[in-house]
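Close look at the chain arrangement
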Amino acid sequence: MNGTMKRLSDRILGGAMVAMLGLVLAFLVTPLLVTCLLAFDSRSFLGPLPPPALSLRWFEKLASLDYVATGLATSLKIAVLATAIDVLVGTTAAVALDRGDFRGRGLLMAAFLSPLIVPAVVIGLALLLFLSRIGVVDGFTRLLCGHVVITLPYVVRTVLASLAGRDRRLTEAALVLGATEREAFWTITLPLIRSGMVTGAVFAFAVSLDDVAVSMFLTDPSTYTLPVALVSSMRASFDLSIAAAAVLLMAVTAVLIIVLERFVGFDRLLGQGLFRS
Amino acid sequence: MSALTAARPQEPAIPSPAPARMTFILLAPGLLLLFGIFVLPLLGLGLESLRQYVPGRVGSAIDAPLTLENYRELATASFAGVLYETFKLSAAASLVGLLAAFPLAYCIVRRFSPRQRAACIGLLVMLVLLSMLVRTYALELAFGSVGIARPLLLALGISPTSRGYIEVLVGAGLLHAVMPICTLTLLGTIQNIDPRLCDAAQSLGAPAWKAHLGITVPLALPGLVSAFLIAMTFAISAFVIPMVLGKGRVLFLSNTIYTRFSDVANYPSGAAVSIAMLVISLVVLSLASLAHRRKGARS
Amino acid sequence: MTMTRRNLLSLIGASSAVGLSAPWLGGARAATGLTAAEWGGDVVDAMKQIAAKQNGAQFNWVLHQGGAGAILPKIKAAWPKVDYDYIAGWEGSFNSMIAEDWVETITAADIPNLADIPEKIMMRDAKGNVKAVPRAVGGMYFGYRTDTAPFAVSKIDDLFDKRLKGAICWPGPTQSMMLQIVALALQGGGNESNMEPGWKLMKDLAKSGNIGRIAVTDVDFTNSFTSGETSVGFFAEPSWAAVAKNFKITRLTKQAGMATFLYQSGFAVMKNRPNRKATCDFINFAISPEMSALYAKVAGEAPLNGKAAIPPELAHLAFTPKEFESFVHVPDYKVVLSQQDAWAKRWESDIAPLL
């Protein structure tokens, strides 16, 4: 391939990439924009866009409902606890699955992924029946169990993904140079998989915060999560306060990202892997 | 220094294969958790699936006899149809998602400025945190039969209520949910690929597309397979997306299960569908990862 | 022989004057804490207003998540420990609870106001004991959005009209106890015991391409109508009421050839709870004439207490004996409830693939 053709093909590729990225980002962003429109929709029902008028009624409703505060507190507690457990247990499991070369490794990998295959409704019902049989009736414990089950696979998988791509010779080199296994892990491997851990934690937190299907079965009369409370307040009429809640969450996320970027620097948080650009 | 080297004369220069005991200790908490809150409840569900269901009751009675009837009932064309629909749309959405996520992840890691990177990752995190129910209704109002895209669809001659379009819409819904997950997962993979390899290839005369296809993609393959598996498993068990966007006509396995877990409390049948779904999905997914590992071993 | 609410009450006559709700007679009385499972939205609002007007019971309101069926596995899992003093339900959920023997038997001594409620509608166990206290009646019927429906639907055959392509919202197998198929069966000369004509018509309808959406929950149906996706449907009262708040709808409850079904919503008092008397006293208060009228106004379901006035917006649920005879079909619920599982499976194998 001579030089001109190469430059042309590079340019076409570049143009195609830009076009595709634009399309992808437009597709991803559209529902976010629609959600914002819905949250400020003045109508009391779900109607075709665009909304005829805007209003703050859904936010006011969200602020006035007494179960919102309780539900939110429970949701956050469970999400944080579940994520913490996931990161600890998931990372150790992923590291073990990566370093070990034993029979049945593939089977165990599949086993750690399998909670994602089972529909949430099934996990909820199965856990409800099982936990009641062994005597665990407390709503908070049940919810925590359910949320850990459905979020653990995300952490295991993302950490495994970042472990799989790394250069093992780095660890070997460290060991040759006299480091112990533990030192090699903490100084070489862990920073390399940091983005995997953070990504997994974000997924775990998000899934836990949004879950309805599993939580539906595991709440008890005194403990409930926010999504369950919002969904069950609708009987036949669609309540757009869930859109308002989604917009608030978006705002909080945006603020958090900006703060993290300014004070910690995203690159330091997510890690830049081995090769900085 | 000398003490260190003196203390390790017997140690081999390259460490022996990881001692199994350490691996086991690391695996123990995960295995215990998985066993306790996943495997055991599923075994309970499996037992439920073997029990006889008396119509009008809630689930099976305590002393119900064991039977294979719940599984025999699944040997129908309609169940096979639902199975096919689920896997077809999930695979399509996962593949397309991966194709779109890979370039996006690459650009985030290698092409964007730090500020653009933060903005893009922030957007992806926001998308992951977006409630599934709200997202689905937003997609319905944007691309559904009463959505803003309706005039465009009609102009193109596509009937928004036809089954073909609904399937595409469900696929688009799955795609929208899966893409941010894939992109974020691939970030770590791409970070660990040496960009100088591609640069070297290009400086030796290869066009960009050839360099990436020959170097970046093969190196990222384990991560790509991981991302595909996450996307696929997520899509197979989707419930809200087919229910809302599929207008109740495009059914996934989880919708079939939901029918059995409602007022008609036929838990044995629902359990049977769940176990069947789990087994089939595990087979399909292990075939996928097996194929990858064989390819990897060959290269 | 079908009974209407009115002619039944004329038989009972004034003898029910005795069982009026007793106003709480003076004195400070500590309110008993009770836990109740109710539907969200207008129904729990109505019940909260009713609870505010008395001081014998204080409530922790737990809302049904999804349909009434989501609470059943929770009760089964915890049994014999029960977390709820009463559970609001309808024929669909009451049947399972009675079969599982989770509910208390209710006598006239427990709830005197029962005398005002038509006996025929009360759900009983195999021995004939009353097991659930009905409070209101809702309808399941055909209807359409007056402004967006392509034409005025007036008979079942209209559903197959080409102009309705994609315009029908049809309930799914977990909704409406499959009474929509019974309605089709009636058109074809059958009924709930002979459903073949109904299945045949259902297959034709599915093949016609007129069904735009299969609604899986109450909210599906409402959203489908309010967003303009579909405009003709068969559904239960709460969804029609939600749509009617914002759009003009035509309810075909008194249309020859298009059957209307009535279902009850009521209370099931759970066994193994310590506050049976307080629960029964509250329920007795809730079904009194004034409270029934309040419930009807707020929750949108017609009152069953013969002495309560039916608000004008529920006129479509008020039938003269002749109207009742012509338009309302009262199925043999024993058949309907025992066939739910079989019908749902038949829907999945025969109808769903055609949609």
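Conventions adopted
What you see as residue numbers is a count from 1 along each chain, following the sequence as written. Here chains are named by letter from A upward and ligands by number from 1 upward, in the order in which they appear as written. Side-chain atom pairs in this predicted model are given and counted only at pLDDT of 80 or more, local residue features only at pLDDT of at least 70, and totals for whole chains, interfaces and linings cover all residues. Side-chain numbers come from the whole structure's heavy atoms, not from hydrogens or water. Secondary structure elements are taken from DSSP: a helix is a run of H or I of four residues or more, a strand is a run of E of two residues or more, and numbering for both begins at the N terminus. Restricting the calculation to C-alpha atoms gives the radius of gyration, and the globule rule supplies 2.2 Å times the number of residues raised to the power 0.38. Burial status follows relative accessibility: with a 1.4 Å probe on protein chains alone, a residue under 20% of its type maximum counts as buried, one over 50% as exposed, and anything between as partly exposed. Note that the arc is defined by the directions from the helix axis to the C-beta atoms. Side-chain rings of Phe, Tyr and Trp, where Trp is taken by its six-membered ring, are said to pair if the distance between their centres is within 6.5 Å; with planes under 30 degrees apart they count as stacked, over 60 as edge-to-face, and otherwise as tilted. Contacts are residue-level and defined by heavy atoms, with any inter-residue pair within 4.5 Å sufficient. Should a side-chain nitrogen of Lys or Arg be within 4 Å of a carboxyl oxygen of Asp or Glu, the pair is scored as a salt bridge. Whenever two N or O atoms come within 3.5 Å, that pair is a polar contact, provided that in protein one can donate a hydrogen and the other can accept it, and provided that, for residues adjacent in sequence, both atoms are side-chain atoms. For this classification, Asp, Glu, Lys and Arg are treated as charged, while Ala, Val, Leu, Ile, Met, Phe, Trp, Tyr, Cys and Pro are nonpolar and the rest, including Gly, are polar. Distance thresholds for patches are 9 Å for like charges and 5 Å for nonpolar side chains (Val, Leu, Ile, Met, Phe, Trp, Tyr), applied to residues having over 30% relative accessible area and no salt bridge. Each accessible area is a Shrake-Rupley estimate made with a 1.4 Å probe; only the visible protein chains count as cover when residues are assessed. DSSP bridges decide pairing: two strands pair if at least two such bridges lie between them. Here, the term right-handed applies to a crossover whose path from the first strand over the helix to the second runs clockwise when the strands point away from the viewer. Side-chain atoms within 4.5 Å link the members of a nonpolar core, which is a set of buried Ala, Val, Leu, Ile, Met, Phe, Trp, Tyr and Cys residues. Once two parts are joined, some of their accessible surface, as seen by a 1.4 Å probe, is lost; buried area is that loss totalled over both. Confidence per residue, as judged by the predictor, is encoded in pLDDT with a range of 0 to 100.

Remarks on the overall build of chain B
The number of helices and strands found in chain B is 13 helices and 0 strands. Sequence-ordered secondary structure for chain B, helices as α and strands as β, is α-α-α-α-α-α-α-α-α-α-α-α-α. The C-alpha atoms of chain B give a radius of gyration of 25 Å, which is well past the 19 Å a tight globule of 299 residues would have. Taking the principal axes of the C-alpha coordinates as reference, chain B spans close to 80 × 60 × 35 Å. Among the 299 residues that make up chain B, the fraction classed as buried is 59%.

Examining helix H2 (residues 42-52) of chain C
When we look at burial in H2(C), the residues that qualify are Val43(C), Val44(C), Ala46(C), Met47(C), Ile50(C) and Ala51(C). Taken end-on, H2(C) shows its buried residues confined to a sector of 155 degrees, consistent with a single buried face.

Considerations on the packing of aromatic side chains
All names here are of chain C. Counted under the stated rule, the structure contains 23 aromatic pairs over all chains. An angle of 40 degrees between the planes, with centres 6.1 Å apart, marks the rings of Trp-79 and Trp-102 as tilted. Of the two residues, Trp-79 sits in the loop between helix H3 (72-78) and strand E3 (86-90) while Trp-102 sits in the loop between helix H4 (91-99) and strand E4 (133-145), which places them 23 residues apart along the sequence. Given a relative accessible area of 31%, Trp-79 falls into the partly exposed group. An angle of 75 degrees between the planes, with centres 6.2 Å apart, marks the rings of Phe-234 and Phe-261 as edge-to-face.

Examining the interface of chain A and chain B
Facing the 98 residues of chain A at the interface are 96 residues of chain B. Seen at the junction of chain A and chain B, the total is 0 salt bridges. If you look at where chain A meets chain B, you find 5 residue pairs in polar contact (both at pLDDT 80 or more). Residue composition of the side of chain A that touches chain B, by class: 69 nonpolar, 20 polar and 9 charged.

Some details on unusual backbone geometry
Backbone phi values are negative for most residues with the exception of glycine, while trans is the configuration of most peptide bonds. Between Leu49(A) and Pro50(A) the backbone carries a cis peptide bond, its omega angle lying at -5 degrees. Summarising the element assignment, Pro50(A) is placed in the loop between helix H1 (3-39) and helix H2 (57-64). That bond from Trp79(C) to Pro80(C) is cis: its omega, 5 degrees, falls within 30 degrees of zero. Secondary-structure assignment places Pro80(C) in the loop between H3 and E3. Positive phi outside glycine occurs at Lys247(B), with the angle close to 50 degrees. When its relative accessible area of 1% is taken as the criterion, Lys247(B) is described as buried. Phi is positive for Ser176(C), which is not a glycine, with a value near 55 degrees. By secondary structure assignment, the location of Ser176(C) is in the loop between strand E5 (168-171) and helix H5 (179-187).

Structural notes on a nonpolar patch on the surface
All names here are of chain A. Together, Leu-37, Phe-40, Leu-54 and Leu-56 make up an exposed nonpolar region whose accessible area comes to about 360 Å². As for its placement among the helices and strands, Phe-40 is situated in the loop between H1 and H2. The exposure class assigned to Phe-40 is partly exposed, which follows from its relative accessible area of 31%.

Examining the pairing of strand E1 (residues 32-38) of chain C
A regular strand places its side chains on the two faces of the sheet in alternate fashion. Residue and element names in this part refer to chain C. For E1, the tally of buried residues reaches 5 of 7 residues, placing the bulk of the element in the interior. By the bridge criterion, 7 bridges tie E1 to strand E2 (residues 57-63) in an arrangement that is parallel. In the strand pairing of E2, Thr-35 is matched with Asn-60. Crossover handedness for the path E1 to H2 to E2: right-handed. Here E1 pairs with E3 via 2 bridges, running parallel. Looking across to E3, one finds that Ala-36 is bridged to Tyr-86.

Some remarks on the nonpolar core
Judged by nonpolar contacts, the single largest core of 287 residues is most densely connected at Tyr86(C), Trp170(C) and Trp347(C). Ranked by size, the runner-up nonpolar core spans 11 residues in total, among them Phe45(A), Tyr141(C), Cys169(C) and Phe235(C).

Things to note about the environment of Leu354(C)
Looking at where Leu354(C) falls in the secondary structure, it is placed in the segment after helix H13 (340-351). In this view, Leu354(C) contacts Lys203(C), Ala206(C) and Lys207(C); residues no more than four positions away in its chain are not counted.

Comments concerning the interface of chain C and chain A
Listed as interface residues are 28 residues of chain C and, on the opposing side, 22 residues of chain A. Taking both partners together, chain C and chain A bury about 2,200 Å²; carbon and sulfur atoms supply 63% of that area. Inspection of the chain C/chain A interface yields 0 salt bridges. At the junction of chain C with chain A, the criterion picks out 6 residue pairs in polar contact (both at pLDDT 80 or more).

Quick word on the pattern of salt bridges
Residues and elements named next belong to chain A. All told, the structure shown has 36 salt bridges over all chains when counted by the stated rule. In this structure, Lys-61 and Asp-239 form a salt bridge, with 2.8 Å as the shortest nitrogen-oxygen distance. One end of the pair, Lys-61, is in helix H2; the other, Asp-239, is in the loop between helix H10 (226-232) and helix H11 (241-263), and 178 residues separate them in sequence. Lys-61 gets classed as partly exposed once you look at its relative accessible area, which sits at 32%.

Considering the confidence of the model for chain C
Residue and element names in this part refer to chain C. The predicted model of chain C has a mean per-residue pLDDT of 86, with 91% of residues at 70 or higher. Of all helices and strands in chain C, the one with the weakest mean pLDDT is helix H1 (residues 5-12) (44), whereas E5 scores best (95). Confidence over residues 1-28 falls short of pLDDT 50; this stretch has 45 contacts with residues more than four positions distant or in other chains. As scored by the predictor, the complex reaches a pTM of 0.86 and an ipTM of 0.86.

Notes on the side chain of Thr136(B)
Within the element layout of this structure, Thr136(B) appears in helix H6 (residues 132-143). A relative accessible area of 1% places Thr136(B) in the buried class.

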